[in-house]
Every structure is written in C-alpha cells, then in structure tokens.
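Residue-level listing of the chains:
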Amino acid sequence: MTPKVVAIVGATGLVGNRMLQMLEERDFPVKSIKFLASERSRGKTLTFRGETVEVEVLAEDSFKGVEIALFSAGGGTSKKFAPCAAKDGCVVIDNSSAWRMDPDVPLVVPEVNADDIKWHKGIIANPNCSTIQLVVVLKPIHDAAKIERVVVSTYQAVSGAGIKALQEMRDQIIAVLENREPVCKIFPHPIAFNCIPQIPQSDAFTANGYTSEEMKMVDETKKIMGDESIRVTATTVRVPVHTGHSESVNIETQHKLTAAKAREILSLAPGVVVLDDPANQIYPLACDAAGKGETFVGRIREDISQSRGLDLWIVADNLLKGAALNAVQIAELL
Ligand code: A2P
C-alpha cells in the first residue's frame, strides 16, 4: 500500500489516542499525520512514531490533501465535518453513531462484512463497541446454524464514556471509601460500586423503553450481518470497570449446535479467542482483554431452557476492537 495522508479527529480523546497507537503498532503506512481536536486542545502536542505533532483545531477546510480521516469526536462533530472531508476526496472512517444506519454508509466489521466497504461513498461507519464484539462471535455461528434470536445483556466499561467519565469514577471511588457523598456530573447515578442500566448517560431512552445504546445493538447487528430476520433484544448496563466490555449472550438457532461444535467453530473464527475451561476457572475477563485486539469468548454451553439454544460470555477491549482497532482494520482494507 502506498503511504497515506491520515488525520485523526478527536486525537486527544481516549479512542483517538488508541487510534494513534494502533496506526503505530500495526505499521500502517502513513505519509503524514494530522491531529485534530476542539479549541480546548489548541497548543497541545502529541507524539507519533517519535515525532512531536501539534494538535490543530478542527475546521471545514482541515481535510485538504488528507486521504483517510479517522473520526472519534462525537456524533455532532461527525455529522457536521465528515461530509466536508468526503467532499475533499478524503475517506472518513467514523466512530460515532451519526452515519451508522444511513443506507448509503457501509457499517463494517472486517471479520464479518469486509466486502461492504466496496460501496462506500466517502464515509464508512465503525459500529458501536458492544455490537462489534457481539457480531464477531455471532457471524460464524450464524453461518453454521442460522441464528433466529439473540438476547444480550452488557456489562460496559466506563472508558466507553470518555476521559471525564473515568475521572468521575476515580473521584467517586475515593469519596465512597472516605465516607463522603459521591458527586455525579457525567453519570445520572454513582458509578462507583454500582451498575447503571442506562447507556448513554443522557437522553438515553427511546419511545419503546429501550435506550439508544440498546437500539444500536439491535439495528446495527442486523445491518452488519446483512440479515433483517434475526431478532435481537438488548439490555445495556454501565459497570465500574475501567476498560473491557463483557456480554452475556443467549442465542436461539434454526439448527441445533452443540456446545462442543460451537467451541470448534469459534476456535477457527477470525479475531476470536476461545477461553473456555470452567474446571480451571478459565473464561474471558475484562481485565485480561484490556489492551488486546481479539474478542474473547467462553462459558459456552447449551441453554437448558430450549432445544436449540446456546449461552456465551463475550469480552473485548471497547477502545480497541470496539473502536480504534476496528477503524484501523477498515483503513487497512481500504
Ligand atoms: P478536546 O480534547 O479538544 O475536547 P473523549 O470521548 O475521550 O472525551 O474524547 C473526545 C474527543 O473529541 C477529544 O479529542 C475532543 O477534543 C474531541 N472533540 C469533542 N468535541 C469536539 C469538537 N466540537 N470539535 C473537535 N473535536 C472535538
């Protein structure tokens, strides 16, 4: 691949930082790099491959000469600036939810639907973090036994809500341990020593009682898998974990799949690592998955309540496979 002119929008954020790291670690051929963020970051510098690069303030004309832009600066920023970038001939890989369900925008997980990048018109969407790790595991099972229904409950890490949310969790943990009242600014309730069944933290609930995060999992799973017939229901929960989303997943398939066969299929699946030895207390853990690029699956068992059901426990780093790594893998496909 010829080296590319790359930009990271939201480079000062948690995901932006991991995007930079992934480009470095995966030896992505970069001709030059531009870091873009808000006015707040004016004057800041970041280091890329040993060189200091000044962060620029994002503007409509930031993308002249840029070939690939990785966006992770929130939906509003993507809505406004991704079309500017595309107009200037740049391909946008957008980590926000702004474009995901647009019929003209492919929603891509390279292990699942790499071919969909072929029909992009300047913007490619990176799916929701919880959806990515789910579909990486669902796809090989769907190919083998056709999935009819999925019931997923998530245990989502605080880093998914950004740097300020992590700071809030730290402050609250210290406050609780010191017998002080935890202060909530980002989250609607204390996240320290607690679980909050509401993601995102504001404007979460839709008319049907699901949160927007839950509806993202429902809608995005069908779009990525290319199968509107799969029935999906989700409950998304924020838990006081730094990094690494966990998911309890129940699947109903058209054809019976034994746990042993599912284990065999998943052990051959791209991007998936099976960690499933309950006798030795081996199963995926968020603290082990953090910092790794694979999606880990374990606790694979046949559902005793139905004849064609499986239960699984899926864990991945929400900032890497759930965001930055998936985006850089898409850039590699380009
Ligand atoms: P900044 O650091 O200048 O605020 P996180 O989700 O970890 O909080 O990161 C959000 C990222 O998105 C940061 O890099 C932040 O930049 C960037 N960002 C947020 N709003 C804007 C905006 N209006 N224009 C450009 N970058 C933005």
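Everything quoted here is computed from the prediction, not taken from an experiment.

Parameters and conventions
Residues numbered from 1 in each chain as written. Predicted model: local features only at pLDDT ≥ 70, side-chain atom pairs only at ≥ 80, totals over all residues. Heavy atoms only, no water. Helix = DSSP H or I, 4+ residues; strand = E, 2+ residues; numbered from the N terminus. Rg over C-alpha atoms; globule rule 2.2 N^0.38 Å. Buried < 20%, exposed > 50% of the residue type's maximum accessible area, 1.4 Å probe, protein only. Contact = heavy atoms within 4.5 Å. Areas by Shrake-Rupley, 256 points an atom, 1.4 Å probe, with all protein chains shown as cover. Near = heavy atom within 4 Å. Polar contact = N/O pair within 3.5 Å; in protein donor to acceptor, adjacent residues only side chain to side chain. Pairing = 2+ DSSP bridges. Axes fitted to C-alpha atoms, helices over the stretch in contact; angles between N-to-C directions. Right-handed = clockwise from strand over helix to strand, strands pointing away. Domains from an automatic or database assignment. Buried area = accessible area lost by both parts, 1.4 Å probe. Salt bridge = Lys/Arg side-chain N within 4 Å of Asp/Glu carboxyl O.

### With respect to the overall build of the protein chain
Then, in step 1: Along the backbone of the protein chain there are nine helices and 13 strands.
Then, in step 2: Relative to a compact globule of 334 residues, whose C-alpha radius of gyration would be 20 Å, the protein chain shows 20 Å and is just as compact.
Then, in step 3: With the C-alpha coordinates aligned to their principal axes, the bounding extent of the protein chain is approximately 60 × 55 × 40 Å.
Then, in step 4: Looking at the 334 residues of the protein chain, the share that counts as buried comes to 52%.
Then, in step 5: Long-range pairs, those at least 24 residues apart, make up 65% of the contacts in the protein chain between residues at least 6 apart in sequence.
Then, in step 6: Accessible area for the protein chain stands at about 14,600 Å²; split by element, carbon and sulfur atoms hold 51% of it.

### Concerning the site of the ligand
Then, in step 1: Contacts to the ligand come from 15 residues, most closely from T12, L14, S38, R40 and S41.
Then, in step 2: Within the side chain of R40, a nitrogen or oxygen atom sits 2.8 Å from an oxygen atom of the ligand.
Then, in step 3: Between an oxygen atom of the ligand and a side-chain N or O atom of S41, the distance comes to 2.5 Å.
Then, in step 4: Protein burial of the ligand: of its 580 Å² of free accessible surface, 70% is covered by the chains.

### Some details on the sheet that holds strand β12 (residues 295-302)
Then, in step 1: With respect to topology, six strands assemble into an open sheet ordered β9-β8-β10-β13-β12-β11, the strand pairing being mixed. Whereas interior strands pair on both sides, the edge strands pair on one side only; in this sheet they are β9 (231-238) and β11 (272-274). Taken pair by pair, the neighbouring strands of this sheet meet at an average axis angle of 20°, ignoring direction.
Then, in step 2: Here helix α4 (residues 129-145) sits on the sheet and contacts β8 (147-156), β10 (245-253), β11, β12 and β13 (309-316); the angle it forms with β10, its principal contact strand, is near 25°.

### Quick look at the pairing of strand β5 (residues 68-71)
Then, in step 1: What you see with β5 is no split at all: I68 and L70 on one side and A69 and F71 on the other are buried throughout.
Then, in step 2: The sheet contact formed by strand β1 (residues 4-9) and β5 spans four bridges and is parallel. From the neighbouring strand, V9 faces β5, where its bridge partner is F71.
Then, in step 3: The sheet contact formed by β5 and strand β6 (residues 91-94) spans four bridges and is parallel. Residue pairing in the sheet places L70 in a bridge with I93 of β6.
Then, in step 4: In this fold, β5 hands off to helix α2 (residues 75-87), which returns the chain to β6; that crossover is right-handed.

### A look at the domain arrangement of the protein chain
Then, in step 1: By the assigned domains, the protein chain splits into domain 1 (4-126 + 324-333), domain 2 (131-157 + 195-318) and domain 3 (159-194).
Then, in step 2: Placing the centre of domain 1 and that of domain 2 at their C-alpha centroids yields a distance of 26 Å.
Then, in step 3: Counting residues at the interface gives 13 residues for domain 1 and 12 residues for domain 2.
Then, in step 4: Carbon and sulfur atoms supply 70% of the area that domain 1 and domain 2 bury against each other, a total of about 1,200 Å² over both sides.
Then, in step 5: Counting every contact that joins domain 1 to domain 2 gives one salt bridge.
Then, in step 6: The residue E220 makes a salt bridge to R100 at a minimum N-O spacing of 3.0 Å.
Then, in step 7: Inspection of the region where domain 1 meets domain 2 yields four residue pairs in polar contact (both at pLDDT 80 or more).
Then, in step 8: For the side of domain 1 that touches domain 2, the elements supplying multiple residues, two or more each, are α3 (110-113) and α9 (320-333).

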